[in-house]
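Tertiary structure, described
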Amino acid sequence: MSHSNEKDGFELSKTRRTLPMALLRAREAVMERFRPLLQAHGVTEQQWRVLRVLKEAEETDASDLAEAASILAPSLSRILKTLEARAFIEARKDPTDGRRALIRLTPEGHAFIRQIAPESAAIYAELEARVGRVRIDSLLDDLEALMTALEQI
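These lines cover the structure that appears in this document, whether it is placed above or below. Counting starts from 1 at the beginning of each chain's written sequence and moves along it residue by residue. Where local features are concerned, this predicted model is filtered to residues with pLDDT of at least 70; where side-chain atom pairs are given and counted, the filter is 80 or more; whole-chain, interface and lining totals use all residues. Just so you know, side-chain values use all the structure's heavy atoms and leave hydrogens and water out.

**So, the nonpolar core**
Side chains of nonpolar character tend, in soluble globular proteins, to be buried together. Rule in force here: Take the buried residues of types Ala, Val, Leu, Ile, Met, Phe, Trp, Tyr and Cys, join any two whose side-chain atoms come within 4.5 Å, and each joined set is a nonpolar core. Think of it in three bands: residues with accessible area under 20% of the maximum for their type are buried, residues over 50% are exposed, and the middle band is partly exposed, with areas taken using a 1.4 Å probe on protein chains only. A helix here means a DSSP run of H or I that spans at least four residues, while a strand means a run of E at least two residues long, and both kinds are numbered starting from the N terminus. We call two residues contacting when some pair of their heavy atoms lies within 4.5 Å.
The biggest cluster of nonpolar side chains holds 27 residues, and the ones touching the most others in it are Trp48, Val50, Leu51, Leu65 and Ile89. Sorting the residues of this core by element identifies helix H1 (19–40), helix H2 (45–57), helix H3 (62–69), helix H4 (73–85), strand E3 (97–105) and helix H5 (107–131) as the ones contributing at least two each. Excluding anything up to four places from it in sequence, Leu65 contacts Val50, Val53, Leu54, Thr60, Leu76, Leu80 and Ile103.

**Notes on the packing of aromatic side chains**
For clarity, the cut-off: In this scheme Phe, Tyr and Trp rings, the latter by its six-membered ring, pair at centre separations within 6.5 Å, and the angle between planes marks the pair as stacked below 30 degrees, edge-to-face above 60, and tilted otherwise.
This structure, assessed with the given rule, holds 2 aromatic pairs. Aromatic side chains Trp48 and Phe112 sit 6.5 Å apart centroid to centroid with 75° between the ring planes, which places their arrangement in the edge-to-face category. One end of the pair, Trp48, is in helix H2; the other, Phe112, is in helix H5, with 64 residues separating them in the sequence. The same class applies to Trp48 as to Phe112, namely buried. The class for Phe112 is buried, based on a relative accessible area of 6%. These aromatic residues form a ring-pair network of at least three members: Trp48, Phe88 and Phe112.

**Considerations on H1**
To keep things clear, this is the line we draw: By this rule the span expected of a helix is its residue count minus one, scaled by 1.5 Å.
Compared with the 32 Å implied by 1.5 Å per residue over 22 residues, the 32 Å span of H1 between its first and last C-alpha is a close match. Looking at H1, one finds that the buried residues are Met31, Phe34, Arg35, Leu37 and Leu38. Taken from the residues just after H1, Gly42 is the one with a positive phi, measuring 70°.

**Things to note about the pattern of salt bridges**
Heads up, the condition is: A carboxyl oxygen of Asp or Glu within 4 Å of a side-chain nitrogen of Lys or Arg is what we treat as a salt bridge.
Counted according to the given criterion, the structure contains 13 salt bridges. The salt bridge partner of Arg104 is Glu90, with a shortest N-O separation of 2.8 Å. Within this pair, whereas Arg104 is found in strand E3, its partner Glu90 is found in strand E2 (residues 89–94), the two being separated by 14 residues in sequence. In this structure Arg104 comes out as partly exposed when scored by relative accessible area, which is 32%. Here Glu90 falls in the partly exposed class, since its relative accessible area comes to 33%. Residue Arg100 is joined to Asp94 by a salt bridge in which the shortest nitrogen-to-oxygen separation is 2.9 Å. Linked through salt bridges whose partners overlap, the residues forming this network are Arg27, Glu28, Arg35 and Glu45.

**Some details on the layout of surface pockets**
Rolling a probe over the atoms, with the probe sized like a water molecule, indicates the empty space that remains. Note the following rule: Both site types are read off a 1 Å grid over the protein atoms alone. A 1.4 Å probe that fits but cannot get out defines a cavity, while an open set with protein on both sides within 12 Å along at least five of seven lines defines a pocket; lining residues have an atom within 4 Å of a point. Grid points are joined across faces, edges and corners, and a volume is the space filled by probe spheres set on the points. Gly falls in the polar group here, along with every residue not listed as nonpolar (Ala, Val, Leu, Ile, Met, Phe, Trp, Tyr, Cys, Pro) or charged (Asp, Glu, Lys, Arg).
The volume enclosed by the largest pocket comes to roughly 1800 Å³. For the largest pocket, the lining is made up of 35 residues, of which Arg27, Val30, Met31, Leu140 and Leu143 are closest to its centre. If you tally residues by element for the lining of the largest pocket, the top one is H1, at 11 residues. Among the residues making up the lining of the largest pocket, the classes are represented as 22 nonpolar, 3 polar and 10 charged.

So far we have only geometry, and geometry alone does not tell us how the molecule works.
Below is the structure:
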């Protein structure tokens, strides 16, 4: 029988002060500002990430796209079908490797991003005004350092 005041050597931190929970809560606080915009334009967070990655990459294969957009391969497959049905993306066979498909935005996909970009930028500007550009840069630097350190484990 265990008593609540006994120590077992594995005391948990307050949930609020654990890194996983703090990161989730911070992500939620940021994303709740962007969700209405995405919903108004009929895209999910994951679809928007894919579109943004493709805008930067111009053309890439599914495995690189999944990694860059932080999406699992089975989910990516479904997302790509949806985006292709909306004519936002197109795929073609890689001329150097017929088993590989290369994915890119269509002109409609580029136009869709251009349509949403001003509203997205305004939301980001509001975040910067509330949090501060210096603090956001510092957070991004700290998160990058965290990811780099964890990749070495």
